[in-house]
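Residue strings, one per chain:
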Amino acid sequence: MKRTLLTIFAITALFPLAGCQDSTNGNPSVSLKDALADRFLIGVAMNESQITGADRLGVDIIRREFNSVVAENCMKSEEIQPREGEFDFTLADAFVDFGERNGMFIIGHTLIWHSQMPDWFAVDAAGNEVSREVLIDRMRDHISTVVGRYRGRVHGWDVVNEAVMEDGNFRESPFYRIIGEDFIRLAFEFAHEADPDAELYYNDYSMFHPGKREGVVRLVNNLKSQGVRIDGIGMQSHLGMDFPSVESFEQSIQAFIGTGTDVMITEFDISALPTLTRGADISDTSRYTEDSDPYPDGLPAAVAAEWNERMEAFFGLFLKYGDNIKRVTVWGLTDGDSWKNDFPVRGRTDYPLLYDREYNPKPVVGWLKEQK
């Protein structure tokens, strides 16, 4: 881990970065990536406007403050292979180019996921589920094409996403129904064949649930017992103000460290709004009520202070396990970028990220820079 970090920082030094002032007080300030250099990589999910350079203010902050990037959507299978055999690498290429130009640790997200995959992937021309052999061939072709294109350029891949339910059982996805639990092993093997040097991760949400925690530990230990390369566990961290407890999250960190793999905090955000649903299943919906969007004109000062305290509590936990947590990635740059504004009902105004809608850092950013 430390050798990887040193490599990334050495590359970063070759690229002059914009800005050296903390906009909250105008005084010289270290960047987040410099402040956390001895702890973990600090990453951010990039959206299309940032990848293309349209969001120039956002791009400047990403270059200055972060040393790892992941594409929010453009590397998902429905985006990158919308029709069988027809790959669109336009945005993905631009994303990888950005990461390389700025000496960043680049994450590919995600190879195999039951959600946000193209309609054709698991069915035939008549709409019936394909055979086990056909789906395996489609998995192999997709993974080898995508990973192979970025061989030696993308440093780590979320190979399989969200395959375990909260009770620890496997999700009844098309991959599981048609292939069985072997689809996970096969996906990791295909990815390793396509790029033997890339790190390979399992990524999932609600990882603080005891059942899911135990299920993921079983999965990872089983893969390792079969000689499958798996380098890390990604803990999607879409959190709320009232769940989970820091203690239950810490128990999961400890359990995943026990598998002998690295731990990544992925997709990190904390919603400031009342909880309507827990987790990150994008198929979840909820009836709109007057209470669903309580702060459309701004977050009250007392709620903002409470949110910052909760952010500090979780970042404090991540710092505590800095020898085992390789990366912390926030799922978007500013509050205006966040998918939480439309989840689980459209039109919500949320405040879950490190920077506000005007690109100003929140107090937790300054707090982090003081945690050397």
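How each quantity is defined
Residues numbered from 1 in each chain as written. Predicted model: local features only at pLDDT ≥ 70, side-chain atom pairs only at ≥ 80, totals over all residues. Heavy atoms only, no water. Axes fitted to C-alpha atoms, helices over the stretch in contact; angles between N-to-C directions. Helix = DSSP H or I, 4+ residues; strand = E, 2+ residues; numbered from the N terminus. Parallel < 35°, antiparallel > 145°, perpendicular 65-115°, else oblique. Contact = heavy atoms within 4.5 Å. Nonpolar A, V, L, I, M, F, W, Y, C, P; charged D, E, K, R; others polar. Buried < 20%, exposed > 50% of the residue type's maximum accessible area, 1.4 Å probe, protein only. Pairing = 2+ DSSP bridges. Phe/Tyr/Trp six-rings, centres within 6.5 Å; stacked < 30°, edge-to-face > 60°. Expected span 1.5 Å × (residues − 1). Arc of directions from axis to C-beta. Left-handed = near helix turned anticlockwise from the far one by under 90°. 1 Å grid on protein atoms, 1.4 Å probe; cavity = no way out; pocket = protein on both sides within 12 Å on 5 of 7 lines; lining within 4 Å. Points joined across faces, edges and corners; volume = space filled by probe spheres on them. Polar contact = N/O pair within 3.5 Å; in protein donor to acceptor, adjacent residues only side chain to side chain. Salt bridge = Lys/Arg side-chain N within 4 Å of Asp/Glu carboxyl O.

Draft legend 1. The packing of helix H10 (residues 210-225) against helix H11 (residues 246-257), seen in detail. Their axes nearest at 10 Å, the elements H10 and H11 cross at an angle of 10°. By the angle class used here, H10 and H11 are roughly parallel. In this structure, H10 contributes Arg213, Val216 and Val217 to the contact, and H11 contributes Ser248, Gln251, Ser252, Ala255 and Phe256. Residues of the contact of H10 with H11, tallied by class, amount to four nonpolar, three polar and one charged.

Draft legend 2. Seen up close, unusual backbone geometry. A cis amide bond links His109 with the next residue in sequence, Thr110, at an omega value of -10°. Examined against the element boundaries, Thr110 turns out to sit in strand E3 (residues 105-113). In this model, Phe243 is joined to Pro244 through a cis peptide bond whose omega is -15°. Checked against the element boundaries, Pro244 lands in the loop between strand E6 (232-239) and H11. Phi angles above zero are rare outside glycine, and Gln116 is one such case at about 55°. Along the chain, the position of Gln116 falls in the loop between E3 and helix H7 (132-149). Positive phi outside glycine occurs at Tyr359, with the angle close to 70°. Turning to its location among the elements, Tyr359 is positioned in the loop between strand E8 (325-330) and helix H13 (363-369). The class of Tyr359 is partly exposed, set by a relative accessible area of 23%.

Draft legend 3. Structural detail: the sheet that holds strand E1 (residues 41-46). Ordered in space as E1-E2-E3-E4-E5-E6-E7-E8, the eight strands form a closed barrel in which the pairing is parallel. On average, each strand axis in the sheet is inclined to that of its neighbour by 25°, with strand direction left out of account. Here three bridges tie strand E2 (residues 68-71) to E3, and the two strands are oriented parallel to one another. Along E3, the bridge assignment pairs Val70 with Ile107.

Draft legend 4. The packing of aromatic side chains, seen in detail. Scanning the model with the defined rule gives 13 aromatic pairs in all. Where Phe249 meets Phe318, the ring centres are 6.1 Å apart and the plane angle is 50°; that geometry is what we call tilted. Pair noted here: Phe249 is in helix H11 and Phe318 is in helix H12 (residues 301-320), with a separation of 69 residues, a long-range link. A single burial state applies to Phe249 and to Phe318, both of which are buried. One aromatic cluster is present, formed by Phe249, Phe268, Phe314, Phe315 and Phe318 through successive ring pairs.

Draft legend 5. Expanded view of H7. Its 18 residues place the ends of H7 26 Å apart at the C-alpha level, agreeing with the 26 Å of an ideal helix rising 1.5 Å per residue. Burial in H7 covers these residues: Leu135, Ile136, Arg138, Met139, His142, Ile143, Val146 and Val147. Looking down the long axis of H7, one finds its buried residues gathered within 160° of arc, a one-sided arrangement. Against the buried residues of H7 lie helix H5 (77-80), E3, strand E4 (156-161), helix H8 (174-179) and helix H9 (182-194).

Draft legend 6. Structural detail: the environment of Leu91. When you line up the elements, Leu91 lands in helix H6 (residues 90-101). Note on Leu91: relative accessible area 25%, which makes it partly exposed. Along the backbone, Leu91 and Glu79 are 12 residues apart, and their C-alpha atoms lie at a distance of 9.4 Å. Ignoring sequence-local partners within four residues, the contact set of Leu91 consists of Glu48, Ile51, Thr52 and Cys74.

Draft legend 7. Region of the structure containing the packing of H7 against H9. In the contact formed by H7 and H9, the axes pass within 9 Å of each other and the chain directions differ by 35°. Between H7 and H9 lies a crossing of right-handed hand. Facing Arg132, Ile136, Met139, Arg140, Ile143, Ser144, Val147 and Gly148 of H7, the residues of H9 in contact are Asp182, Phe183, Leu186, Ala187, Phe190, Ala191 and Ala194. Here the contact of H7 with H9 is composed, by residue class, of 10 nonpolar, two polar and three charged.

Draft legend 8. Spotlight on empty space enclosed by the protein. Counted according to the given criterion, the structure contains three cavities of 30 Å³ or more. Taken together, Ile112, Trp113, His114, Asn161, Glu162, Ala163, Arg171, Ser173, Phe175 and Phe183 make up the full set of residues lining the second largest cavity.

Draft legend 9. Seen up close, the side chain of Lys326. By the secondary structure assignment, Lys326 is in strand E8. For Lys326, a relative accessible area of 1% gives the class buried. Among the polar contacts made by the side chain of Lys326, one reaches the side chain of Glu199 at a distance of 2.3 Å.

Draft legend 10. Molecular detail of the pattern of salt bridges. Counting across every chain of the model gives 17 salt bridges. For Arg149, the salt bridge is made with Asp93, and the minimal N-O distance between the two is 2.8 Å. With Arg149 in helix H7 and Asp93 in helix H6, this residue pair connects regions lying 56 residues apart in the sequence. When its relative accessible area of 22% is taken as the criterion, Asp93 is described as partly exposed.

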